[in-house]
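For reference, the chains in residue letters:
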Amino acid sequence: MKQIELIPAIDIIDGQCVRLTKGDYDQKTVYGDPLDMAREFERLGYRRLHIVDLDGAKSRHIVNDAVLRRITAATRLVVDFGGGIKTDDDMGKAFEAGAQMVTVGSVAVTQPELFERWLRKYGPERLILGADVRNGKISINGWKEDSAEALLPFLQKYVGMGVTNVLCTEISKDGTLSGPALQLYKEVMAAYPTLHLIASGGVSSMADIEALSLAGIPAVVFGKAIYEGRINLKELWDWHDA
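Criteria and cut-off values
- Residues numbered from 1 in each chain as written.
- Predicted model: local features only at pLDDT ≥ 70, side-chain atom pairs only at ≥ 80, totals over all residues.
- Heavy atoms only, no water.
- Salt bridge = Lys/Arg side-chain N within 4 Å of Asp/Glu carboxyl O.
- Helix = DSSP H or I, 4+ residues; strand = E, 2+ residues; numbered from the N terminus.
- Buried < 20%, exposed > 50% of the residue type's maximum accessible area, 1.4 Å probe, protein only.
- Arc of directions from axis to C-beta.
- Contact = heavy atoms within 4.5 Å.
- Phe/Tyr/Trp six-rings, centres within 6.5 Å; stacked < 30°, edge-to-face > 60°.
- Lys NZ or Arg CZ within 6 Å of the ring centre and 35° of its normal.

Let us look at the pattern of salt bridges. The full count for this structure, using the stated rule, is 11 salt bridges. Glutamate 42 is the salt-bridge partner of arginine 76, the closest N and O atoms lying 3.9 Å from each other. Highlighted residues: arginine 76 in the loop between α3 (65–74) and β5 (78–82) and glutamate 42 in helix α1 (residues 34–44), separated in sequence by 34 residues. Between glutamate 116 and arginine 120 there is a salt bridge; the shortest N-O distance is 3.9 Å. In this pair, glutamate 116 and arginine 120 are both assigned in helix α6 (residues 112–122), 4 residues apart and thus about one turn of the helix distant. The class for glutamate 116 is partly exposed, based on a relative accessible area of 30%.

This brings us to helix α8 (residues 182–191). The set of residues buried in α8 consists of Leu184, Tyr185, Val188 and Met189. Buried residues of α8, viewed axially, fall in a sector of 135 degrees; they line one side. Of the surrounding elements, those touching the buried residues of α8 are α7 (151–159), β10 (165–170), β11 (196–200) and α9 (206–214).

This next bit is on the packing of aromatic side chains. Using the criterion set out here, one finds 6 aromatic pairs in the structure. Seen in terms of ring centroids, phenylalanine 95 and tyrosine 122 are 4.9 Å apart; in terms of plane orientation they differ by 40 degrees. Their pairing is tilted. You can see phenylalanine 95 sitting in helix α4 (residues 88–96) and its partner tyrosine 122 sitting in helix α6, a full 27 residues away along the chain. No difference in accessibility class separates phenylalanine 95 from tyrosine 122, as the two residues are buried. Site record: aromatic cluster; members linked through ring pairs are Phe41, Tyr46 and Trp237. Against the face of tyrosine 25 rests lysine 58, its NZ or CZ located 4.6 Å from the ring centre. Positioned over the ring face of phenylalanine 95 is arginine 126, at 4.0 Å from the centre of the ring.

Written out as structure tokens, the structure is:
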């Protein structure tokens, strides 16, 4: 079995599976029922699923927890959930709806004390630090704002607090099918070799995932390449399982 962890993604707006281009809500394609997609991933052998509540990211609180609950009740997928998690109530809702891990990005920038408290309360195995990058800076609030935080120093702070899981999205690549930001992920792994880095954004083919695997990137999230027929899910799983 190949080392890289394969994590298909489902982004949700109005209860539907969608994909955006570069995080732009005006560049949206709808792909149908999220539960149907989740069941298909499970049927083919996938064990992980990344869900993003895009309505939640925009409105700054969880919106689509009912969709999360439907998926976790009907499948055995290990689901990580993100988008709009700003409060203890949001965090509680995500776990109560069946998420086994929660991805938090904006709070780590705007309320580091709250993130640190969550890290202590839930443990590093249940919390994924979302590090969404645009022009080298961490972006927040559904990618609507860029912070002053540079990626590597931002990660250094939280690795020092015990963070082990990081989801890093290169926003300029996301939804573009233009290939992943391989050099960026190599730099992160060189700086923090024990990190469970989840690469996200730009994956267009099996070749992209093979390149990430060869570079030693621990995990990859991919979405649009599935929905646009660029990746055959069965072929990818067979390659991974070989």
